Amino acid sequence: MAVPQLDPAKLQLVQELEIEMMSDMYNRLVTACHQKCIPVKYHEAELGKGESVCLDRCVAKYLDVHERIGKKLSNMSQGETEDLTKINLQEKK
């Protein structure tokens, strides 16, 4: 399946949207994992071992879920595109 070429303005827009989405995901990840793993009142300047392990696991789970959702949405989008292509081919006959 051929990928359509985007003009520079559209490519720039796609790149900006991608950066915005990644920034949003990063901010959500930081907020969620901070709330879950770091107590409201800091007792020490450095992270404790439990906090570090919690953050590591939280980030790993968050990124894993984000990747799974992205793949699922991509598969759904591909399926819809294939369905539309089949419909268009049938209409032309």
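Residues numbered from 1 in each chain as written. Predicted model: local features only at pLDDT ≥ 70, side-chain atom pairs only at ≥ 80, totals over all residues. Heavy atoms only, no water.

Chemist: For this particular structure, what's the right way to read the pattern of salt bridges?
Modeler: Here the idea is simple: oppositely charged side chains can pair when their charged atoms come close. Taken as a whole, this structure holds 3 salt bridges when the rule is applied. A salt bridge links Glu 67 to Lys 71; the nearest nitrogen and oxygen atoms lie 3.3 Å apart. Placement of the pair is Glu 67 and Lys 71 together in helix α2 (residues 49-92), with a separation of 4 residues, close to one helical turn. (Salt bridge = Lys/Arg side-chain N within 4 Å of Asp/Glu carboxyl O. Helix = DSSP H or I, 4+ residues; strand = E, 2+ residues; numbered from the N terminus.)

Chemist: Help me understand the state of the cysteines in this model?
Modeler: Simply put, the disulfide is a covalent bond whose two ends are the sulfur atoms of two cysteines. Applying the stated criterion across every chain yields a total of 2 disulfides. Paired by a disulfide, Cys 33 and Cys 58 hold their sulfur atoms 2.0 Å apart. Between Cys 33 and Cys 58, the disulfide has an S-S torsion of -90° and is therefore left-handed. Of this pair, Cys 33 sits in helix α1 (residues 8-37) while Cys 58 sits in helix α2, placing them 25 residues apart in sequence. Paired through a disulfide, Cys 37 and Cys 54 show a sulfur-sulfur distance of 2.0 Å. Here the disulfide of Cys 37 and Cys 54 is left-handed, its torsion about the S-S bond being about -70°. You can see Cys 37 sitting in helix α1 and its partner Cys 54 sitting in helix α2, a full 17 residues away along the chain. Numbered in order of appearance, the disulfide-bonded cysteines of the protein are paired 1-4, 2-3. (Disulfide = S-S within 2.5 Å.)

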